[in-house]
Amino acid sequence: MNIGNEKMSCRQAGRLFFYSFFQLSVLLLPRLLAQTGGMDGFFALVGGSLAGYVFLRITLWLTAHIQKDYVNLLSHLFGRAAAGLVLVVYLLVALYGASYGLELLCQVIRIYLIRDTPVWLVMGALSVLAVYGLGGGAECRGRRCELLFWFVLVPLVVLLFLAVWNIEPDHWLPVAKVGGRRLAQNSYLVFGCSMAAAYLPVYADAVSHREGLDAALRRSYVFSAVLLVLFFLTLTGIYGAPTVAVLDEAVLELTAMVKVPGGFLERQDALLCGIWFVGMYLFVENALYAVVWSMEKLGNRQMDHWFRAGGGILMYVAALVLYRYRNLDDMFAAVYLKFAVPLLLLIVVAAALLTAWREKQESRQKRESGSPDTD
């Protein structure tokens, strides 16, 4: 652990990104995949996760070759105007992720914990908490994510272990029923949920000793993908794919079904939901950090309380709009998949290719300048 250097370690960064990879995906994907693919959602999870892993490796390579910060690299590769447009894309996508995560977190809190509390109050409290959490800096956030990692993970593993005894293997049939086009669309959906990796370069100057970042992020991503597959198989094995397709938060329903042996914990569902909310809050905080970082770079100033307050207000207002007008969820989700995911993919891949080309050119020039004079 790095104390007092205002940076997080590679292990802390890996655990921070675990929440971005896993928490929202496991709430949304089981239902969406069961609706469109039934049990073939398993194959979509595997295919989409493999594509996301390849994208993660590209992003890790790009992050390792950032010398100053990400904005400086983008300006050198694309020019200042294009770099500004890239920052706008990062800002809008991160704002959508933060506001949607806040809306979903508020919704499930009001369903499972505090039913009669006004929406504006729940969202306001969560927004203030997220803004306050960013005030501690990267080092503080890294420590918090590291300390909460096992607090969140151990109950999830216990939940899986207790739930596996209720699986009926017959619910996993039939398989291989959807066509290749539908399977590709579902795999793309899974890939779209792994695009948090595109924000890894944002943390380039917030992580110390980046040599270990590759291994830490790969472990985090693979672990989250394995857990996602296990939860999908568990949910469909217990409820069946048709039932999972109509459950809004199937994972949270699972917490109420599973009983702790001995009956000594009467409200383990509330406890597990509360722990789940911790992970969801960290997802929102991570997305809000990307919003504030984008605003800071666009304003060409260091992050201060004005940017954090502005980002929190934007997230709060956008989340309220999404909550009040639920029909916007489908529209923005379609925009995200059709435009935002290809744009982020194009930005990262183009930056990686141009960086590799520039380094090759510089290496060639150094060899030529160092060669002996033959005249």
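These numbers were taken from a predicted model, which means no experiment stands behind them. (Residues numbered from 1 in each chain as written. Predicted model: local features only at pLDDT ≥ 70, side-chain atom pairs only at ≥ 80, totals over all residues. Heavy atoms only, no water.)

**Focus on the pattern of salt bridges**
Phase 1 of the analysis: Following the criterion strictly, the structure yields eight salt bridges and no others.
Phase 2 of the analysis: For Glu103, the salt bridge goes to Arg326, with nearest N and O atoms at 3.9 Å. With Glu103 in helix α4 (residues 80–112) and Arg326 in the loop between α12 (305–324) and α13 (327–370), the pair connects residues that are 223 residues apart, well separated along the chain.
Phase 3 of the analysis: Taking relative accessible area as the criterion, Glu103 reaches 2% and is therefore assigned buried.
Phase 4 of the analysis: Overall, the relative accessible area of 37% leaves Arg326 in the partly exposed class.
Phase 5 of the analysis: Salt-bridge contacts for Glu285 lead to Arg144; the nearest nitrogen and oxygen are separated by 2.6 Å. Residue Glu285 is located in helix α11 (residues 268–299), and its partner Arg144 is located in helix α6 (residues 137–163); the two are separated by 141 residues in the primary sequence.
Phase 6 of the analysis: The buried category is assigned to Glu285, whose relative accessible area is 0%.
Phase 7 of the analysis: Here the residues in one salt-bridge network are Arg57, Asp214 and Arg218, joined through shared partners. (Salt bridge = Lys/Arg side-chain N within 4 Å of Asp/Glu carboxyl O. Helix = DSSP H or I, 4+ residues; strand = E, 2+ residues; numbered from the N terminus. Buried < 20%, exposed > 50% of the residue type's maximum accessible area, 1.4 Å probe, protein only.)

**Structural notes on the packing of helix α1 (residues 10–37) against α6**
Phase 1 of the analysis: At a minimum axis separation of 8 Å, α1 and α6 run at an interaxial angle of 50°. When the axis of α1 is compared with that of α6, the two are oblique. Crossing angle aside, the handedness with which α1 passes α6 is left-handed. Contacts between α1 and α6 involve Arg11, Gln12, Arg15, Leu16, Phe18, Tyr19, Phe22 and Gln23 from the first element and Arg141, Gly142, Arg143, Cys145, Glu146, Leu148, Phe149, Trp150, Val152, Leu153 and Leu156 from the second.
Phase 2 of the analysis: By residue class, the composition of the contact of α1 with α6 is 11 nonpolar, three polar and five charged. (Axes fitted to C-alpha atoms, helices over the stretch in contact; angles between N-to-C directions. Parallel < 35°, antiparallel > 145°, perpendicular 65-115°, else oblique. Left-handed = near helix turned anticlockwise from the far one by under 90°. Contact = heavy atoms within 4.5 Å. Nonpolar A, V, L, I, M, F, W, Y, C, P; charged D, E, K, R; others polar.)

**Points about a nonpolar patch on the surface**
Phase 1 of the analysis: A cluster of nonpolar side chains, Ile313, Val317, Val321 and Tyr325, forms an exposed patch at the surface whose accessible area comes to about 380 Å².
Phase 2 of the analysis: When you line up the elements, Val317 lands in helix α12.
Phase 3 of the analysis: For Val317, a relative accessible area of 44% translates into the label partly exposed. (Patch = residues over 30% accessible without salt bridge, like charges linked within 9 Å, V, L, I, M, F, W, Y side chains within 5 Å. Areas by Shrake-Rupley, 256 points an atom, 1.4 Å probe, with all protein chains shown as cover.)

**A look at the confidence of the model for the protein chain**
Phase 1 of the analysis: Overall, the predicted model of the protein chain reaches an average pLDDT of 87, with 92% of residues at or above 70.
Phase 2 of the analysis: The least confident element of the protein chain is helix α10 (residues 250–257), whose mean pLDDT is 77; the most confident is helix α2 (residues 41–64), at 95. (pLDDT = per-residue confidence, 0-100.)

**Some remarks on the packing of α6 against helix α8 (residues 213–239)**
Phase 1 of the analysis: The interhelical angle for the contact between α6 and α8, taken along N-to-C directions, is 35°, at an axis separation of 10 Å. Viewed along their axes, α6 and α8 form a crossing whose handedness is left-handed. Along the contact surface, α6 presents Phe149, Leu153, Leu156, Leu159, Leu160 and Ala163, while α8 presents Phe223, Leu227, Leu230, Phe231, Thr234 and Ile238.
Phase 2 of the analysis: Considered class by class, the residues forming the contact of α6 with α8 number 11 nonpolar, one polar and no charged.

**As for the nonpolar core**
Phase 1 of the analysis: Counting 129 residues, the largest nonpolar core has Tyr70, Tyr90, Tyr199, Tyr203, Phe231 and Trp276 as the members making the most contacts within it.
Phase 2 of the analysis: For this core, the element with the highest residue contribution is α4, accounting for 18 residues.
Phase 3 of the analysis: Those residues in contact with Phe231, other than ones at most four positions away along the chain, are Phe22, Val26, Leu156, Leu159, Leu160, Val251 and Leu254. (Core = buried A, V, L, I, M, F, W, Y, C linked by side-chain atoms within 4.5 Å.)

**As for the side chain of Thr355**
Phase 1 of the analysis: Residue position: Thr355 is located in helix α13.
Phase 2 of the analysis: Taking the relative accessible area as the measure of exposure, Thr355 reaches 5% and is therefore buried.
Phase 3 of the analysis: When residues no more than four places from it in sequence are discounted, the contact partners of Thr355 are Trp61, Leu62, His65, Leu73 and Leu77.

**A word on the environment of Phe43**
Phase 1 of the analysis: Relative to the elements of secondary structure, Phe43 occurs in helix α2.
Phase 2 of the analysis: The class for Phe43 is partly exposed, based on a relative accessible area of 40%.
Phase 3 of the analysis: Between the C-alpha atom of Phe43 and that of Ala176, which follows or precedes it by 133 residues, the distance is 8.9 Å.
Phase 4 of the analysis: Setting aside chain neighbours within four positions, we find Phe43 in contact with Val175, Leu183 and Ser187.

**A word on α6**
Structurally, the α-helix is built with 3.6 residues per turn, so residues lying three or four positions apart point the same way.
Phase 1 of the analysis: Taking 1.5 Å as the rise per residue, α6 with 27 residues should run 39 Å; its terminal C-alpha atoms sit 38 Å apart, in good agreement.
Phase 2 of the analysis: At Leu148, α6 shows its largest kink, close to 35°. (Expected span 1.5 Å × (residues − 1). Bend = angle between axes of the 7 residues up to and from the residue.)

**Structural notes on the environment of Gln23**
Phase 1 of the analysis: Counting through the fold element by element, Gln23 comes out in helix α1.
Phase 2 of the analysis: Considered as a pair, Gln23 and Tyr281 are 258 residues apart in the sequence and their alpha carbons are 9.3 Å apart.
Phase 3 of the analysis: Setting aside anything within four residues of it in sequence, one finds Gln23 in contact with Phe18, Val152, Trp276, Gly279, Met280 and Phe283.

**Examining the side chain of Thr234**
Phase 1 of the analysis: With respect to the secondary-structure elements, Thr234 resides in helix α8.
Phase 2 of the analysis: Excluding anything up to four places from it in sequence, Thr234 contacts Leu160, Ala163, Ile167 and Leu254.

**Some words on the state of the cysteines**
Phase 1 of the analysis: Applying the stated criterion across every chain, the model contains zero disulfides.
Phase 2 of the analysis: Summary of cysteine pairing: Cys140 is not part of a disulfide, and the nearest cysteine sulfur, belonging to Cys145, is at 9.5 Å.
Phase 3 of the analysis: Residue Cys140 is classed as partly exposed on the basis of its relative accessible area of 35%. (Disulfide = S-S within 2.5 Å.)

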